[in-house]
Amino acid sequence: MMSLDRRQLIGGLALALTAPARGLAADLPAPALDPVLAKVGQLRITVLDTMVAGSSGLDGEWGFAALMEADGRRILYDTGASPGMVLQNLRTLNLDLSDVEDVILSHNHDDHTAGLLTLRREFARANPKALGRCHVATGIFAARERADGRPDRNMADLKVAYEALGGAFIVHDAPAELLPGVWFTGPVPRPHNERNWNPGHYLSGPAGRADDILAEDAALVINSPDGTVVLTGCGHAGVMNICEQAHAILGPQPIAGLIGGLHLFLNSRASVEATGARLKALGVRRILAAHCTGFEPTWILRQALDASPADVAVATVGSQWISGVGVQTGLLARLGTAP
Ligand SMILES: [Zn+2]
Ligand SMILES: [Zn+2]
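Below is a short write-up of the structure. (Residues numbered from 1 in each chain as written. Chains lettered and ligands numbered in written order. Predicted model: local features only at pLDDT ≥ 70, side-chain atom pairs only at ≥ 80, totals over all residues.)

**A closer look at the packing of helix H6 (residues 239-250) against helix H7 (residues 269-281)**
The description of two helices packed together rests on the angle between their axes and the distance between the axes.
Stage number 1. It is at 10 Å that the axes of H6 and H7 come closest, and there the two elements cross at 10 degrees. Relative to H7, H6 is oriented roughly parallel. Across the interface between the two elements, Val 239, Met 240 and Cys 243 of H6 pack against Thr 275, Arg 278 and Leu 279 of H7.
Stage number 2. For the contact of H6 with H7, a count of residues per class yields 4 nonpolar, 1 polar and 1 charged. (Axes fitted to C-alpha atoms, helices over the stretch in contact; angles between N-to-C directions. Helix = DSSP H or I, 4+ residues; strand = E, 2+ residues; numbered from the N terminus. Parallel < 35°, antiparallel > 145°, perpendicular 65-115°, else oblique. Contact = placed C-beta atoms within 7 Å. Nonpolar A, V, L, I, M, F, W, Y, C, P; charged D, E, K, R; others polar.)

Below you can see the structure in the form of C-alpha coordinates.
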(Lines give C-alpha, C1' and ligand atoms only; values in the text may rest on other atoms or scores of the structure.)
(Ligands and ions follow the chains in the order given, each with its own letter.)
Protein backbone atom coordinates (compact mmCIF):
# COMPACT_ATOMS: atom_id res chain seq x y z
CA MET A 1 0.00 0.00 0.00
CA MET A 2 2.31 2.67 -1.32
CA SER A 3 0.20 5.70 -0.55
CA LEU A 4 -0.49 4.91 3.10
CA ASP A 5 1.76 6.29 5.79
CA ARG A 6 2.16 3.54 8.38
CA ARG A 7 2.06 6.05 11.21
CA GLN A 8 -1.25 7.37 9.94
CA LEU A 9 -2.58 3.83 9.79
CA ILE A 10 -1.43 2.89 13.28
CA GLY A 11 -2.50 6.28 14.58
CA GLY A 12 -5.88 5.82 12.98
CA LEU A 13 -6.24 2.50 14.73
CA ALA A 14 -5.36 4.04 18.07
CA LEU A 15 -7.89 6.78 17.43
CA ALA A 16 -10.57 4.28 16.51
CA LEU A 17 -9.91 2.33 19.68
CA THR A 18 -10.02 5.33 21.98
CA ALA A 19 -12.65 7.58 20.39
CA PRO A 20 -16.19 7.44 21.74
CA ALA A 21 -18.69 6.08 19.26
CA ARG A 22 -20.28 9.48 18.57
CA GLY A 23 -17.18 11.62 18.90
CA LEU A 24 -14.96 10.79 15.94
CA ALA A 25 -14.69 14.45 15.03
CA ALA A 26 -11.99 16.63 13.56
CA ASP A 27 -11.38 18.40 16.86
CA LEU A 28 -10.05 15.29 18.60
CA PRO A 29 -6.33 15.50 19.42
CA ALA A 30 -3.98 13.97 16.85
CA PRO A 31 -2.88 10.44 17.76
CA ALA A 32 0.68 9.86 18.89
CA LEU A 33 3.07 8.97 16.07
CA ASP A 34 5.59 6.14 15.95
CA PRO A 35 4.13 3.83 18.59
CA VAL A 36 6.40 0.97 19.58
CA LEU A 37 5.24 -2.10 17.74
CA ALA A 38 5.05 -5.29 19.76
CA LYS A 39 7.16 -8.18 18.56
CA VAL A 40 6.56 -11.91 18.96
CA GLY A 41 9.41 -13.80 20.64
CA GLN A 42 8.78 -17.29 19.26
CA LEU A 43 6.66 -18.10 16.26
CA ARG A 44 5.54 -21.42 14.84
CA ILE A 45 3.08 -21.92 11.99
CA THR A 46 1.92 -25.46 11.16
CA VAL A 47 0.08 -26.25 7.93
CA LEU A 48 -3.01 -28.34 8.72
CA ASP A 49 -4.66 -28.55 5.31
CA THR A 50 -3.26 -28.21 1.78
CA MET A 51 -3.03 -30.36 -1.34
CA VAL A 52 -0.05 -32.47 -0.40
CA ALA A 53 -0.10 -34.83 2.59
CA GLY A 54 3.15 -34.80 4.52
CA SER A 55 3.23 -38.40 5.79
CA SER A 56 0.99 -41.33 6.57
CA GLY A 57 -2.00 -40.52 8.73
CA LEU A 58 -2.20 -37.03 7.24
CA ASP A 59 -4.46 -36.21 4.34
CA GLY A 60 -4.58 -33.45 1.75
CA GLU A 61 -7.31 -31.72 -0.26
CA TRP A 62 -7.98 -28.56 -2.27
CA GLY A 63 -8.16 -26.24 0.71
CA PHE A 64 -6.15 -24.55 3.41
CA ALA A 65 -5.78 -24.26 7.17
CA ALA A 66 -2.87 -23.45 9.46
CA LEU A 67 -2.22 -23.05 13.16
CA MET A 68 -0.22 -20.00 14.30
CA GLU A 69 1.53 -20.11 17.69
CA ALA A 70 3.07 -16.89 18.97
CA ASP A 71 4.76 -17.11 22.37
CA GLY A 72 2.42 -19.95 23.28
CA ARG A 73 -0.79 -18.18 22.25
CA ARG A 74 -2.51 -19.71 19.25
CA ILE A 75 -4.87 -18.71 16.44
CA LEU A 76 -6.39 -21.04 13.85
CA TYR A 77 -6.26 -19.55 10.35
CA ASP A 78 -8.83 -21.11 7.98
CA THR A 79 -10.51 -24.47 8.46
CA GLY A 80 -10.11 -26.62 5.33
CA ALA A 81 -12.40 -27.75 2.52
CA SER A 82 -14.23 -30.68 4.06
CA PRO A 83 -15.86 -30.81 7.48
CA GLY A 84 -13.54 -33.39 9.03
CA MET A 85 -10.17 -33.07 7.30
CA VAL A 86 -8.49 -30.58 9.65
CA LEU A 87 -9.73 -32.44 12.72
CA GLN A 88 -8.32 -35.69 11.34
CA ASN A 89 -4.95 -34.07 10.64
CA LEU A 90 -4.91 -32.44 14.10
CA ARG A 91 -5.38 -35.86 15.69
CA THR A 92 -2.55 -37.33 13.66
CA LEU A 93 -0.32 -34.40 14.61
CA ASN A 94 -1.41 -34.77 18.25
CA LEU A 95 -2.62 -31.17 18.40
CA ASP A 96 -5.48 -30.09 20.67
CA LEU A 97 -7.19 -26.75 20.00
CA SER A 98 -9.24 -26.64 23.21
CA ASP A 99 -7.36 -23.57 24.40
CA VAL A 100 -7.56 -21.76 21.04
CA GLU A 101 -10.32 -19.17 21.26
CA ASP A 102 -9.71 -17.24 18.04
CA VAL A 103 -10.17 -18.48 14.51
CA ILE A 104 -9.89 -16.57 11.25
CA LEU A 105 -11.67 -17.14 7.96
CA SER A 106 -9.57 -15.55 5.23
CA HIS A 107 -12.51 -15.24 2.80
CA ASN A 108 -15.88 -16.76 1.91
CA HIS A 109 -14.85 -19.76 -0.23
CA ASP A 110 -15.82 -23.10 1.20
CA ASP A 111 -12.37 -24.64 0.76
CA HIS A 112 -11.39 -22.41 3.72
CA THR A 113 -14.59 -22.40 5.75
CA ALA A 114 -15.95 -25.96 5.70
CA GLY A 115 -14.27 -27.22 8.88
CA LEU A 116 -15.41 -24.39 11.17
CA LEU A 117 -18.50 -26.04 12.65
CA THR A 118 -16.85 -29.44 13.17
CA LEU A 119 -13.90 -27.85 14.95
CA ARG A 120 -16.06 -25.58 17.11
CA ARG A 121 -18.25 -28.54 18.15
CA GLU A 122 -15.27 -30.78 18.90
CA PHE A 123 -13.19 -28.41 21.02
CA ALA A 124 -16.08 -26.61 22.75
CA ARG A 125 -16.76 -29.88 24.59
CA ALA A 126 -13.64 -29.26 26.71
CA ASN A 127 -13.76 -25.45 26.64
CA PRO A 128 -16.95 -23.56 25.74
CA LYS A 129 -14.80 -20.66 24.51
CA ALA A 130 -12.77 -22.78 22.09
CA LEU A 131 -12.86 -21.33 18.56
CA GLY A 132 -15.69 -19.10 19.77
CA ARG A 133 -14.47 -15.88 18.15
CA CYS A 134 -14.22 -15.88 14.37
CA HIS A 135 -12.40 -12.93 12.81
CA VAL A 136 -13.33 -11.96 9.27
CA ALA A 137 -12.99 -8.86 7.10
CA THR A 138 -15.72 -6.61 5.79
CA GLY A 139 -17.39 -7.98 2.69
CA ILE A 140 -17.43 -11.65 3.64
CA PHE A 141 -21.20 -11.61 4.24
CA ALA A 142 -22.09 -9.82 0.99
CA ALA A 143 -24.93 -11.40 -1.01
CA ARG A 144 -23.56 -13.79 -3.61
CA GLU A 145 -24.78 -16.05 -6.38
CA ARG A 146 -23.40 -18.95 -8.36
CA ALA A 147 -22.84 -19.02 -12.12
CA ASP A 148 -26.27 -20.59 -12.69
CA GLY A 149 -27.98 -17.81 -10.75
CA ARG A 150 -28.73 -19.81 -7.63
CA PRO A 151 -27.95 -17.96 -4.39
CA ASP A 152 -24.61 -18.81 -2.79
CA ARG A 153 -25.57 -19.11 0.87
CA ASN A 154 -22.27 -20.51 2.16
CA MET A 155 -21.50 -17.66 4.56
CA ALA A 156 -25.13 -16.85 5.40
CA ASP A 157 -25.80 -20.44 6.45
CA LEU A 158 -22.46 -20.74 8.22
CA LYS A 159 -23.19 -17.61 10.25
CA VAL A 160 -26.50 -18.97 11.48
CA ALA A 161 -25.04 -22.37 12.36
CA TYR A 162 -21.90 -20.96 14.04
CA GLU A 163 -23.92 -18.54 16.15
CA ALA A 164 -26.25 -21.39 17.11
CA LEU A 165 -23.14 -23.11 18.50
CA GLY A 166 -22.37 -20.02 20.58
CA GLY A 167 -19.76 -18.58 18.25
CA ALA A 168 -19.52 -14.90 17.35
CA PHE A 169 -18.16 -13.31 14.20
CA ILE A 170 -16.00 -10.21 14.56
CA VAL A 171 -15.93 -8.20 11.34
CA HIS A 172 -12.87 -5.99 10.77
CA ASP A 173 -12.77 -3.12 8.30
CA ALA A 174 -9.17 -2.15 9.13
CA PRO A 175 -5.98 -3.81 10.44
CA ALA A 176 -6.34 -5.13 13.98
CA GLU A 177 -3.72 -6.44 16.42
CA LEU A 178 -5.22 -9.73 17.64
CA LEU A 179 -2.25 -10.61 19.87
CA PRO A 180 0.85 -8.53 20.63
CA GLY A 181 2.74 -8.44 17.35
CA VAL A 182 0.09 -10.44 15.46
CA TRP A 183 -2.04 -8.42 13.03
CA PHE A 184 -5.12 -9.28 11.02
CA THR A 185 -4.93 -7.17 7.87
CA GLY A 186 -8.63 -6.60 7.34
CA PRO A 187 -9.49 -5.89 3.67
CA VAL A 188 -6.27 -5.44 1.70
CA PRO A 189 -5.88 -2.37 -0.56
CA ARG A 190 -5.03 -3.38 -4.13
CA PRO A 191 -2.62 -0.98 -5.85
CA HIS A 192 -1.51 -3.91 -8.04
CA ASN A 193 -4.21 -5.23 -10.36
CA GLU A 194 -3.42 -8.88 -9.66
CA ARG A 195 -6.95 -10.33 -9.92
CA ASN A 196 -5.93 -13.76 -8.61
CA TRP A 197 -9.20 -15.61 -8.43
CA ASN A 198 -11.20 -18.04 -10.56
CA PRO A 199 -14.10 -16.66 -12.60
CA GLY A 200 -17.63 -17.91 -11.99
CA HIS A 201 -18.34 -16.44 -8.56
CA TYR A 202 -20.59 -13.41 -8.32
CA LEU A 203 -21.86 -10.72 -6.00
CA SER A 204 -25.57 -10.17 -6.38
CA GLY A 205 -27.45 -6.93 -5.97
CA PRO A 206 -30.38 -4.89 -7.23
CA ALA A 207 -28.38 -3.72 -10.25
CA GLY A 208 -27.57 -7.28 -11.27
CA ARG A 209 -24.54 -9.39 -10.62
CA ALA A 210 -20.89 -8.44 -10.60
CA ASP A 211 -17.63 -10.38 -10.42
CA ASP A 212 -16.84 -11.36 -6.85
CA ILE A 213 -13.43 -9.77 -6.32
CA LEU A 214 -13.20 -11.25 -2.77
CA ALA A 215 -12.95 -7.81 -1.18
CA GLU A 216 -12.77 -9.47 2.24
CA ASP A 217 -9.64 -11.50 1.51
CA ALA A 218 -7.39 -10.97 4.55
CA ALA A 219 -4.05 -12.23 5.86
CA LEU A 220 -2.18 -12.48 9.15
CA VAL A 221 0.95 -10.36 9.48
CA ILE A 222 3.34 -11.15 12.33
CA ASN A 223 6.19 -9.07 13.70
CA SER A 224 8.70 -11.85 14.42
CA PRO A 225 12.37 -11.96 15.44
CA ASP A 226 13.28 -12.83 11.84
CA GLY A 227 11.28 -9.96 10.35
CA THR A 228 7.74 -9.87 9.09
CA VAL A 229 5.95 -13.18 8.51
CA VAL A 230 2.84 -13.25 6.32
CA LEU A 231 0.20 -16.01 6.42
CA THR A 232 -2.36 -15.99 3.60
CA GLY A 233 -5.15 -18.42 2.72
CA CYS A 234 -5.88 -18.15 -1.00
CA GLY A 235 -4.10 -14.90 -1.85
CA HIS A 236 -7.08 -13.47 -3.75
CA ALA A 237 -6.15 -9.90 -2.78
CA GLY A 238 -2.91 -10.53 -4.64
CA VAL A 239 0.31 -11.55 -2.97
CA MET A 240 2.05 -8.31 -3.94
CA ASN A 241 -0.79 -6.30 -2.43
CA ILE A 242 -0.74 -8.46 0.70
CA CYS A 243 3.00 -7.97 1.19
CA GLU A 244 2.61 -4.22 0.64
CA GLN A 245 -0.08 -4.20 3.31
CA ALA A 246 2.35 -6.03 5.61
CA HIS A 247 4.81 -3.18 5.06
CA ALA A 248 2.08 -0.64 5.71
CA ILE A 249 1.34 -2.26 9.07
CA LEU A 250 4.82 -3.21 10.30
CA GLY A 251 7.08 -0.97 8.24
CA PRO A 252 9.42 -1.90 5.39
CA GLN A 253 11.41 -4.58 7.20
CA PRO A 254 12.25 -7.78 5.28
CA ILE A 255 9.48 -10.32 4.90
CA ALA A 256 11.28 -13.31 6.38
CA GLY A 257 8.52 -15.77 5.55
CA LEU A 258 5.54 -15.87 3.20
CA ILE A 259 3.30 -18.83 3.96
CA GLY A 260 0.07 -20.12 2.44
CA GLY A 261 -1.90 -20.04 -0.79
CA LEU A 262 -0.72 -17.44 -3.31
CA HIS A 263 -3.22 -18.31 -6.10
CA LEU A 264 -0.68 -18.23 -8.92
CA PHE A 265 -1.47 -21.64 -10.44
CA LEU A 266 -3.38 -20.14 -13.39
CA ASN A 267 -1.01 -17.23 -14.03
CA SER A 268 1.34 -16.94 -16.99
CA ARG A 269 5.07 -17.42 -16.52
CA ALA A 270 5.60 -13.71 -17.22
CA SER A 271 3.07 -12.79 -14.54
CA VAL A 272 4.67 -15.06 -11.95
CA GLU A 273 8.14 -13.77 -12.84
CA ALA A 274 6.95 -10.18 -12.40
CA THR A 275 5.36 -11.15 -9.09
CA GLY A 276 8.61 -12.77 -7.98
CA ALA A 277 10.60 -9.67 -8.88
CA ARG A 278 8.25 -7.47 -6.89
CA LEU A 279 8.31 -9.84 -3.91
CA LYS A 280 12.10 -9.75 -3.97
CA ALA A 281 12.01 -5.94 -4.00
CA LEU A 282 9.65 -6.07 -1.00
CA GLY A 283 12.23 -8.12 0.89
CA VAL A 284 10.60 -11.56 0.76
CA ARG A 285 13.25 -14.13 1.76
CA ARG A 286 11.49 -17.50 2.13
CA ILE A 287 8.21 -19.04 0.96
CA LEU A 288 6.25 -22.07 2.16
CA ALA A 289 3.93 -22.28 -0.83
CA ALA A 290 0.63 -24.02 -0.13
CA HIS A 291 -2.74 -24.70 -1.68
CA CYS A 292 -3.40 -22.66 -4.85
CA THR A 293 0.17 -21.43 -5.40
CA GLY A 294 1.00 -24.17 -7.92
CA PHE A 295 4.22 -26.16 -8.32
CA GLU A 296 5.62 -24.43 -11.39
CA PRO A 297 4.92 -20.95 -9.95
CA THR A 298 6.70 -22.00 -6.74
CA TRP A 299 9.72 -22.99 -8.82
CA ILE A 300 9.62 -19.64 -10.69
CA LEU A 301 9.35 -17.71 -7.41
CA ARG A 302 12.30 -19.65 -6.03
CA GLN A 303 14.40 -18.57 -8.98
CA ALA A 304 13.17 -14.98 -8.79
CA LEU A 305 14.18 -14.77 -5.13
CA ASP A 306 17.54 -16.48 -5.75
CA ALA A 307 16.56 -18.81 -2.94
CA SER A 308 17.69 -22.33 -2.12
CA PRO A 309 15.38 -25.40 -2.32
CA ALA A 310 15.24 -25.35 1.47
CA ASP A 311 13.99 -21.75 1.59
CA VAL A 312 11.24 -21.85 -1.04
CA ALA A 313 9.35 -25.13 -0.92
CA VAL A 314 5.94 -26.67 -1.46
CA ALA A 315 3.95 -26.86 1.77
CA THR A 316 2.73 -30.25 2.91
CA VAL A 317 0.27 -31.00 5.70
CA GLY A 318 2.45 -30.91 8.81
CA SER A 319 5.11 -28.63 7.35
CA GLN A 320 6.05 -25.63 9.45
CA TRP A 321 7.54 -22.19 9.71
CA ILE A 322 9.63 -21.85 12.87
CA SER A 323 11.23 -18.59 13.96
CA GLY A 324 15.01 -18.76 13.91
CA VAL A 325 14.84 -21.82 11.66
CA GLY A 326 12.65 -21.00 8.67
CA VAL A 327 10.84 -23.43 6.41
CA GLN A 328 10.52 -26.96 7.78
CA THR A 329 9.27 -29.43 5.21
CA GLY A 330 10.25 -32.86 3.99
CA LEU A 331 12.83 -33.34 1.24
CA LEU A 332 10.07 -34.47 -1.12
CA ALA A 333 8.55 -30.97 -1.05
CA ARG A 334 11.72 -29.26 -2.22
CA LEU A 335 11.92 -28.12 -5.82
CA GLY A 336 15.34 -28.65 -7.35
CA THR A 337 18.50 -29.78 -5.65
CA ALA A 338 20.72 -27.98 -3.21
CA PRO A 339 23.44 -25.90 -4.91
ZN1 LIG B 1 -10.73 -18.77 -2.53
ZN1 LIG C 1 -8.69 -21.57 -1.64
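Once the structure has been displayed, the description carries forward.
**Focus: the sheet that holds strand E12 (residues 208-211)**
The strands making up a sheet associate through backbone hydrogen bonding, with each pair oriented either parallel or antiparallel.
Stage number 1. Within the open sheet, the 4 strands sit side by side as E7-E6-E11-E12. Their pairing is antiparallel. With one partner strand each, in any of the chains shown, strand E7 (151-152) and E12 form the two edges of the open sheet.
Stage number 2. Bridge analysis of strand E6 (residues 144-146) against E7 gives 2 bridges, and the strand direction is antiparallel. When the sheet's bridge partners are listed, Arg 144 is paired in E7 with Asp 152. (Pairing = 2+ DSSP bridges.)

**Things to note about the sheet that holds strand E16 (residues 284-290)**
Stage number 1. Taken together, 7 strands build an open sheet; the order of strands is E9-E10-E13-E14-E15-E16-E17 and the sheet is mixed. Bordering the open sheet on either side are strand E9 (176-179) and strand E17 (312-314), each of which pairs with just one other strand. Within this sheet the neighbouring strands show an average axis-to-axis angle of 20 degrees, counted without direction.
Stage number 2. Here E9 pairs with strand E10 (residues 182-184) via 3 bridges, running antiparallel. Among the inter-strand pairings, Ala 176 is bridged to a residue of E10, identified as Phe 184.

**Topic: the nonpolar core**
Stage number 1. Among the nonpolar cores identified, the biggest contains 87 residues, and Leu 220, Val 230, Leu 231 and Cys 243 are the most heavily contacted of them.
Stage number 2. The element contributing the most residues to this core is H6, with 8 residues.
Stage number 3. Beyond its immediate stretch of four places on either side in the chain, Leu 231 contacts Ile 45, Ala 66, Met 68, Tyr 77, Ala 219, Leu 220, Ile 259 and Gly 260. (Core = buried A, V, L, I, M, F, W, Y, C linked by C-beta atoms within 7 Å. Buried ≥ 20, exposed ≤ 12 C-beta atoms within 10 Å, placed from the backbone.)

**What to know about the packing of H7 against helix H8 (residues 295-304)**
Stage number 1. It is the contact of H7 with H8, at a shortest axis distance of 8 Å, that shows an interaxial angle of 40 degrees. The angle between H7 and H8 falls in the class oblique. The two elements H7 and H8 cross, and the hand of that crossing is right-handed. Contacts between H7 and H8 involve Arg 269, Val 272, Glu 273, Gly 276, Ala 277, Leu 279 and Lys 280 on the former and, on the latter, Pro 297, Ile 300, Leu 301 and Ala 304.
Stage number 2. When its residues are assigned to classes, the contact of H7 with H8 shows 7 nonpolar, 1 polar and 3 charged. (Left-handed = near helix turned anticlockwise from the far one by under 90°.)

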